[in-house]
Amino acid sequence: MQKLLLFSLLYLASFFNAHSCGYYPYGEEVRFCLLKPNLVYPHSTNAFFYNTQRYSGTHLPDDHFQSGKNAENLDWWHKLLKEKASKEDIYYAVYQASSKELKRKKSSHVAIRILQEKENRAYLHYLLFAKKCSPFNGLEDDPWERNGDNWAKSRDKLIQESTQRAENSTSPELRKRYAHLAIRLAHYNQDGANVKKLYARFFDRNSMQSATDYWALHFKLQAEASSPERNVDVAMVITHSPEKRKSVSYFFDPQFSRDQMLASAKSKEERAALYFWQATTSFHPSLEELKGFGKNNQQEEHLLFLSLREINKLEDWILTPYYSLFEPTLRTTWSDTINAQVLLRRIEADRVYAGHFSNWLSEIHSQTDLRNAWWPAIRIYADFLAGSTKGIEARINQELAKKSANTELQIFYEKLLAVCTVVNSQGENLNELNVEELVLRYKHDNLFLFAIGKELEYKDNKVEAACVFSNINLSGEYNDAVVWKSPEHNHTLWSDYYDNYFFYMDATYTVNELENLIHYVKTTANASAFDQWKTEQIRKDLDRLYDLLGVKYMRKDELQKALKAFNQVAPSFWKGEVFQEYMQQDPFDNNFILTSYSQSDKSYTKPEIVEKLIKLKSRVMASDGDDKAYYAFQVANCYRNMTYYGNAWLMKRYYWSGNHYDAGLEDDAEYIEANFAKKYYLLAYKQAKTKQFAALALRLAGQCEKYALLAQNSLDYQERWSDEQMFTMNEVYRKLAREFPAEYEPLVSNCESLYTYFESIKRP
Amino acid sequence: MQIRHTIFWLFLGMIISVAVYLCFSQRKTDILPQRGVYVWDVKRNGISENEQNFLANNQINKLYVKFFEVEKNTTWGIHPTGKSVYELEQKYAQCQIVPTIYIRNQVFMQTKDSELDEFADNLLHLIAKRFTENMSHAQQKYTEIQIDCDWTLRTQERYFYFLKKLKARAKVQISATLRLYPFKFPEKMGVLPVDRAMLMCYNLLSPLAAGDKNSILDLEELQKYLVGAKPYPLPLDLALPIYTSALIYQNERFSGIHYLENQSFYANLRHVKNAVYSVQRDTVLNSLFLRAGDKVKIEKMTPVLLTAALKSIRKNISFEEGSTVALFHLSASNLKAFTHAEITSFFASLPR
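Just so it is clear, the model here is predicted, and its values are computed rather than measured.

Examining the overall build of chain B
From N to C terminus, chain B includes 10 helices and 16 strands. A fraction of 75% describes how many contacts in chain B between residues 6 or more apart in sequence connect residues 24 or more apart. On chain B, roughly 15,700 Å² of surface is accessible, and the fraction owed to carbon and sulfur atoms is 52%.

Given below as structure tokens:
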């Protein structure tokens, strides 16, 4: 049995790249997301985009300029320098240049040269002072506090200096910036009282005008005890300062109810901020919060962010289960009782919610002038998610006709157009729907292809769907792979999901569907690049598909049809490593239980097995007595060996596991219980004239009965019955004991003793 | 129902009292165990009323206060982290403070003598500094420093080197925590080169390997270490747990263990089976964002478990004069798991 386990692993490895042991896809590996936030915000990372790795999975790229982390500050400097210097150049001056470089004449950096101009000197001096303070901005400057006093004293001096500079500044913004430096230093001196004092002196909480106001508030609230009012401040910083959004979010205390916090909010802006924060962190439907925000604040930037977040939720709740049959990634119950029907019912409720969301989008558009180019895409997609697909293609084409310079937007429209076209079709082939060019254009996008394939499958165009599925996950890139489950929740491999079309077809396609596919591929000329792409993988796999067809007929015990299918396979296929290595035992051999006593060193290919089985069955019909018993015994051996317990299980399965045999296939009962084998062993018992042969046949029928009892009582290897229990349950064993009392013990208790019984079988 | 509940707890309290009495009276009748408690929070707003009552009523006068933890990384080398940021209030001025430092085992991996020498100096410096700053009301200077480290055979040599250096340089007693494994196998693990050892009778199992068992204190596991153990060659103190922990499993993967301080957290849990619960709504636990459906295994200490543990300990270990019995750890929510009577009985039973 260990050999078999080893085999199964090797066998699978020979077909495709299996994931490591114990792996099971979840989170971002499963989530369906066509409208990725980074399409809308190309240079931004944000811990609050809807995803399954919130707080931990969002890593800022090294290049902070690209990440947008310092966008607020860079914008300010950019405007200050009258947009004469590029942001890259400003980034260098503000974050990278040394003080010496800032002072150097004839700098190669435009931003530095402009800063050195007379009118900007005050800002240059501020920047030089900020750089002087910079080394002191950290709590762990001196972990063992050997020089702790010196650091604190140095900070104190700088606080005094910056406070003085703030007082002397004629520019209101510089006054705030110097004051902010002082507050930051006090914060790192862990001097909350001074933070609050400085804030009160230089900032007005009721007049928040620039990013600096929010940076200062961000430090001030950290010096305060938790309260509903502090939560309002946190929400304000989160809403208005993306730069501080993540760091300040940890100070939001969830113990206060929304009503408590709303009661503490003093303005519409503050109420809007509270709704914004709640919508930004919720993994549930947030339409209520969106409405709350919209009533109090209609800033486009925030509405877009929240709407995108809601769209991503809807994608997860509707499209993740609709296409992959995995549960939505953030609503998973991890329950075995969730089946496709339950998931599809839940989707209907989520589609209704998507409809409400779409209505709100219309409402907010009627009230506000929203100009971002992504709005039409969001509205169209919301309708698609709501299931209101009528007329969507025309709307998308209208948008595409505008020829936006935003490439990502155009790509999104094109992908959605292709999917919608299939959704609104009667299941025609892709070239008949005129979307073949789009599909070919985005053939490397696994998620997109998978959506197309599943929509075709839902339209019952299984042939075209299989062609599309065969082109998924070809790159071998783990990160881009799509995984999905079958509608009947099959478990034909080591787990209950698929990432490969062949094994998916093994679980879900009928023989007719498979035959149609083979026929289609064989008769379709490669007239176009699209046809070639569509059928290329399946053409390569034709031998495997005929093998699969034969296996499917074997599961139905339609031997002639199975033989016909196996005979379509090129003979060299059976010489493949897998078969050579692991299909080398004789399934007809009488002594198959005791391989050490086996008289046969013969091996068979699949068609040879079926051919011989057909012949033996006809001989059973045509003979009597010991001859009939002999042929029936061999037929039984073969059937028994084509079950979970045998040496030719490859005739009916593609995967064998020591701990799982319930694949959800039509012949599961036969595969696990060996009913055909039992029937033929019983026939051999009845026909055998030799007492020992009859007893042996009955004993092996009893073994098949035992398999059935184990399966019917859901017992696995670890928890089988004792011999006494088994004897009580097993009618055939009781019959054996009754009719052959002297033979029962040696036959049942000791496999080695079977050898002498095998000797009693008479060859015709 | 309430009366029955109270009687039940009183009964358990009596059991604990008797057990503790036996523990410290049978071997040596003249011992006077001190009463202690660990203060393990990084941040706290003073000592709550409930905690104050607990300390006062039970005459607990020894506080093992975690000053900071120590870890190692490439940027800072061996450095302190999680420094406690609270001050001892005037009313606890009479308590004996034992600065306690938790050192991660990784600190002692591939660490040179010179680094450990410097570390010992830094450690003593920071303890002294922190004591002056945060414990300014203390009437007596500390006379003991306790080192807590989950050292292994692999780090034993480096750890012991460090302890020897520390002991040589410190002008106070050095104690170290002692897990049950090194307690049972001193020949293999060595004897701590310190003045006394605090036997930690908890965290006996890896939380992940514990299955349905309680990884904080499992009696069967405790017995394995106690039975047949030879007397440890150092004076022993005893630490017993009173905390509750939550093992969090997100997306069916273990994501961490947390002390469960927030009682309201329970209201958001649905019982699944045994000690396993399911989070009902998205929430935050100790800065960890939990999602609906995440699984939580709650491990609690109960009076019954404490009584049984004490019985086992009493049978197998003798404690000397001046020993301390300390509870881990002081927090309002931990105290809620035990009735006032139980705790009072527990300490009252110690010989006077």
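Some details on the pattern of salt bridges
A side chain with one charge can pair with a side chain of the opposite charge if their charged atoms come near. Residue and element names in this part refer to chain A. Per the stated rule, a full pass over the model turns up 55 salt bridges over all chains. Here Glu289 ties to Arg258 by a salt bridge, and the two come within 2.2 Å at their closest N and O atoms. In this pair, Glu289 sits in helix H17 (residues 287-296) while Arg258 sits in helix H15 (residues 258-264), placing the two residues 31 residues apart along the sequence. For Arg441, the salt bridge goes to Glu414, with nearest N and O atoms at 2.8 Å.

Details of the packing of aromatic side chains
Within the structure shown, the criterion is met by 74 aromatic pairs over all chains. Measuring from ring centre to ring centre gives 5.3 Å for Phe633 of chain A and Tyr681 of chain A, while their planes differ by 70 degrees; the resulting arrangement is edge-to-face. Taken together, the positions of Phe633 of chain A in helix H33 (residues 625-641) and Tyr681 of chain A in helix H35 (residues 675-687) put the pair 48 residues apart, joining distant regions of the chain. Residue classification places Tyr681 of chain A among the buried positions, given a relative accessible area of 1%. When the ring of Phe108 of chain B is compared with that of Phe119 of chain B, the centres are 6.4 Å apart and the planes differ by 45 degrees; the resulting orientation is tilted. Of this pair, Phe108 of chain B sits in the loop between strand S4 (96-103) and helix H3 (113-134) while Phe119 of chain B sits in helix H3; the two residues are 11 residues apart in sequence, bridging distant segments of the chain. Taken as a pair, Phe108 of chain B and Phe119 of chain B share a single burial class, namely buried. Aromatic rings pair up to connect Trp144 of chain A together with Phe68, Phe108, Phe119, Trp151, Tyr159, Phe160 and Phe162 of chain B into one cluster. Over the aromatic face of Trp76 of chain A sits the side chain of Arg177 of chain A, whose NZ or CZ is 3.7 Å from the ring centroid. It is Arg309 of chain A that lies over the ring of Phe283 of chain A; its NZ or CZ is 5.6 Å from the centre.

So, helix H38 (residues 731-739) of chain A
Residues and elements named next belong to chain A. Those residues of H38 that sit buried are Val732, Tyr733 and Leu736. Buried positions in H38, seen along its axis, are confined to an arc of 100 degrees and lie on one side of it. Every exposed residue of H38 that faces more than 90 degrees away from the buried side is listed here: Glu731 and Arg738. Buried-residue contacts for H38 involve H35, helix H36 (691-712), helix H37 (723-729) and helix H39 (741-749). Between the side-chain oxygen of the N-cap and the backbone nitrogen of Val732 there are 3.0 Å, and the N-cap of H38 in question is Asn730.

Quick notes on the packing of helix H30 (residues 559-567) of chain A against helix H32 (residues 606-622) of chain A
All names here are of chain A. The contact between H30 and H32 brings their axes to 9 Å, and the two run at 155 degrees. In terms of their interaxial angle, H30 and H32 are classed as roughly antiparallel. Considering how the two elements wind past one another, H30 and H32 form a crossing that is left-handed. Across from Leu559, Gln560, Leu563, Phe566 and Asn567 in H30, the residues of H32 making contact are Lys606, Pro607, Val610, Glu611, Leu613, Ile614 and Lys617. When its residues are assigned to classes, the contact of H30 with H32 shows 7 nonpolar, 2 polar and 3 charged.

Cut-off values and rules
- Residues numbered from 1 in each chain as written.
- Chains lettered and ligands numbered in written order.
- Predicted model: local features only at pLDDT ≥ 70, side-chain atom pairs only at ≥ 80, totals over all residues.
- Heavy atoms only, no water.
- Helix = DSSP H or I, 4+ residues; strand = E, 2+ residues; numbered from the N terminus.
- Contact = heavy atoms within 4.5 Å.
- Areas by Shrake-Rupley, 256 points an atom, 1.4 Å probe, with all protein chains shown as cover.
- Salt bridge = Lys/Arg side-chain N within 4 Å of Asp/Glu carboxyl O.
- Phe/Tyr/Trp six-rings, centres within 6.5 Å; stacked < 30°, edge-to-face > 60°.
- Buried < 20%, exposed > 50% of the residue type's maximum accessible area, 1.4 Å probe, protein only.
- Lys NZ or Arg CZ within 6 Å of the ring centre and 35° of its normal.
- Arc of directions from axis to C-beta.
- Polar contact = N/O pair within 3.5 Å; in protein donor to acceptor, adjacent residues only side chain to side chain.
- Axes fitted to C-alpha atoms, helices over the stretch in contact; angles between N-to-C directions.
- Parallel < 35°, antiparallel > 145°, perpendicular 65-115°, else oblique.
- Left-handed = near helix turned anticlockwise from the far one by under 90°.
- Nonpolar A, V, L, I, M, F, W, Y, C, P; charged D, E, K, R; others polar.

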